[in-house]
Amino acid sequence: MVPPTTSPPTATPSTPAPPRARQRRGEGQWALGYREPLNPNERSKKDDDPLNVRARIETIYAPGGFASIDPADLRGRFRWYGLYTQRKPGIDGGRTATLAPEELDDEHFMLRVRIDGGRLTTAQLALIGELSQTYARDTADITDRQNVQYHWIRIEDVPTLWERLEAAGLTTMEACGDSPRVVLGSPLAGIAEDEVLDGGPAIDEILRRYIGDPRFSNLPRKFKTAISGLPDVAHEVHDVAFVGVVHPEHGPGFDLWVGGGLSTNPMIAKRLGAWIPLDEVPDVWEGVISVFRDYGYRRLRNRARLKFLVADWGAEKFRQVLEDEYLNRKLIDGPAPEVPEVARDHVGVHRQKDGLFAVGAAPIAGRVSGSTLVEVAKAVERAGSNRVRLTPQQKLVVLDVPEAEVDGLRADLAALGLPTEPSPWRRGVMACTGLEFCKLAIVETKARAAELVTALEARLADVVAGVAAPISVHLNGCPNSCARIQTADIGLKGQIVTDGDGRQVEGFQVHLGGGLGLDAGFGRKLRGHKVTAAELPEYVERVVRHYLAGRDGGERFAQ
Ligand code: SF4
């Protein structure tokens, strides 16, 4: 590849230029000399470190109100602190692509609180709930990245929210933006009987060293990390993942994966074949994110995720660059982790290795409320625990429950709308934010997921006993994949479709047979396979009955 400063050879009019191979345009990689921004996003990050926007929020925008906000901060740098404007109410999904950003902006914000590893104390959970009651109209969604999202936040209240969250050890820093986002971890880290090792200390060290570090606040795009001693965090679709594995000579450690991701052009991450001991995870993480920062593509936003670089280089070259240019040593070769037959979702009652119990409960598609979270915190403390974990499946797990308290806690959670023995449909459904609040959305998702669960519980009551593992149904409000539709048994991508009467209505493109673990792969998009939102319950019922009738023994959905 030729740096942009190189002049192209010229040819005289009388001498035709010799044929030559067509050169690829530069991808804007810093390491190859492309330091001048090639698009407005890169320009904005170069003009001012996005982390600097916090001071302006505290001193200018919060006192001055929404009208005082510089648009470059509003639709750019605010994300580095977990802030997005939410969708103006009443704009239907058919108009999403036709309106300018400022026409879609409400004057309220979504605020994402990063909860690395999904780990919360009851005091933190209660605080998150109380802040929602006071500042977020009682909204709170558990996301599939173990975060909590508020809505209806006013810019005037943001400094107070930060002050109170940070006093409790929580932050919104780098919850969004082209930055190192929340680190996923096993909800059962440190307590699962079968985990290889606890990744928690590595997560803590990465947060301590690198979150808010200006060396990593200008990445080509977002950077998603998962670290788990169990294969329970969708590691296959992360930019970097460390998955527990036992090395035959060196013992417990992690297998290193890079370059996974969904959205358009979904890709499964590649194993680098390297075994990483726990105390080296932060250094190796720094090496991988540095490769991304320096060699990642910055010219086009839709090619800027690490997966495109890994796809072009391959695992071997990526490992070689990581070792030779960033770590200055060779990594130890290691084996692949064991693959679970069925994706693990932590719902129900599980014995911990110390004899206490973990109790997992299922809101529908992560939707709870501030009031519910406050009451959950009280119920957990009544049961003698003070630890809760959020899961990558939009669920919630209470840790450290004595056996004598399990039934009482389960009853309390059920009374709060959080059953611990949910139907397979409730258990398997996930949904992104969707039309209610997301400016990119084309269709409604959260309320639709709730309707779908209710409908399937009635329509499929006769076959529940025959469903051994939950059949996952994931709903996205647009072609992005915030709810990981390509990895679901039934993935639903929101779009406008034509109904039987020729009307343009909300509906979904269907993807069937995606999965992680043993069935890692993306669901097949069936051409012309579209369903209107109104037909959805009937359609899913038909697919499930067809699968149950046609499966061979214990055959899983994706097989
Ligand atoms: Fe918004 Fe689309 Fe993501 Fe859903 S998938 S939250 S609609 S960007």
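Focus on the sheet that holds strand β8 (residues 240-247)
Item 1. Across the sheet, six strands lie side by side as β6-β7-β8-β9-β10-β11; this open sheet has mixed pairing. Both outer strands of the open sheet, β6 (180-185) and β11 (332-333), are each paired with one neighbouring strand and no more.
Item 2. Packed on one face of the sheet, helix α7 (residues 200-210) meets β6 and β7 (223-228) and runs near 165 degrees to β6.
Item 3. Along the sheet face, helix α10 (residues 315-327) touches β9 (251-258), β10 (270-276) and β11 and points at about 40 degrees away from the line of β10.

So, the nonpolar core
Item 1. Counting 53 residues, the largest nonpolar core has I57, F78, F109, Y150 and I153 as its most contacted members.
Item 2. Considering each element in turn, this core owes the most residues, six residues, to helix α5 (residues 122-135).
Item 3. Core analysis: the next-biggest nonpolar cluster, separate from the first, contains 38 residues, F216, I289, F308 and V310 among them.

So, helix α9 (residues 306-313)
Item 1. Most of α9 is tucked away: six of the eight residues are buried.
Item 2. Structurally, α9 contributes buried residues whose contacts are with β7, β9, β10, α8 (281-295) and α10.
Item 3. Backbone geometry just after α9 places G314 at a positive phi near 85 degrees.

Looking at the pairing of strand β20 (residues 504-512)
Regular strands place their side chains on alternate faces of the sheet.
Item 1. The sheet contact formed by strand β19 (residues 490-498) and β20 spans nine bridges and is antiparallel. Pairing of Q495 across the sheet is with G507, part of β20.
Item 2. Linking β19 back to β20 in an antiparallel pair, the connection comprises five residues, with G502 at a positive phi of about 80 degrees.

Thoughts on the pattern of salt bridges
Item 1. In total, this model carries 48 salt bridges according to the counting rule given.
Item 2. One salt bridge connects R77 with D73, and the closest N-O pair in it is separated by 2.6 Å.
Item 3. Among the salt bridges present, the one from D333 reaches R319, with a minimum N-O distance of 2.7 Å. Within this pair, whereas D333 is found in strand β11, its partner R319 is found in helix α10, the two being separated by 14 residues in sequence.
Item 4. You can call D333 exposed: its relative accessible area is 51%.
Item 5. The exposure class of R319 is buried, given its relative accessible area of 12%.
Item 6. Salt bridges linked by common partners bring E42, K45, D178, R298 and R301 together as one network.

Some remarks on the site of the ligand
Item 1. Residues in close proximity to the ligand include C432, T433, G434, C438, L440, A441, N476, G477, C478, N480 and C482, which together make up its full environment.
Item 2. For the shell around the ligand, the per-class residue count stands at six nonpolar, five polar and no charged.

Describing empty space enclosed by the protein
Item 1. Per the counting criterion, the structure on display carries one cavity of 30 Å³ or more.
Item 2. Quantified by volume, the largest cavity comes out at close to 60 Å³.
Item 3. Around the largest cavity, the lining residues are G117, R119, G185, S186, A189, D198, G199, G200, I203, I227, S228 and G229.
Item 4. If you list the elements that add at least two residues to the lining of the largest cavity, you get α7 and β7.
Item 5. Of the residues contributing to the lining of the largest cavity, the split by class is three nonpolar, seven polar and two charged.

What counts and how
- Residues numbered from 1 in each chain as written.
- Predicted model: local features only at pLDDT ≥ 70, side-chain atom pairs only at ≥ 80, totals over all residues.
- Heavy atoms only, no water.
- Pairing = 2+ DSSP bridges.
- Helix = DSSP H or I, 4+ residues; strand = E, 2+ residues; numbered from the N terminus.
- Contact = heavy atoms within 4.5 Å.
- Axes fitted to C-alpha atoms, helices over the stretch in contact; angles between N-to-C directions.
- Core = buried A, V, L, I, M, F, W, Y, C linked by side-chain atoms within 4.5 Å.
- Buried < 20%, exposed > 50% of the residue type's maximum accessible area, 1.4 Å probe, protein only.
- Salt bridge = Lys/Arg side-chain N within 4 Å of Asp/Glu carboxyl O.
- Near = heavy atom within 4 Å.
- Nonpolar A, V, L, I, M, F, W, Y, C, P; charged D, E, K, R; others polar.
- 1 Å grid on protein atoms, 1.4 Å probe; cavity = no way out; pocket = protein on both sides within 12 Å on 5 of 7 lines; lining within 4 Å.
- Points joined across faces, edges and corners; volume = space filled by probe spheres on them.

Keep in mind these values describe shape, not function.
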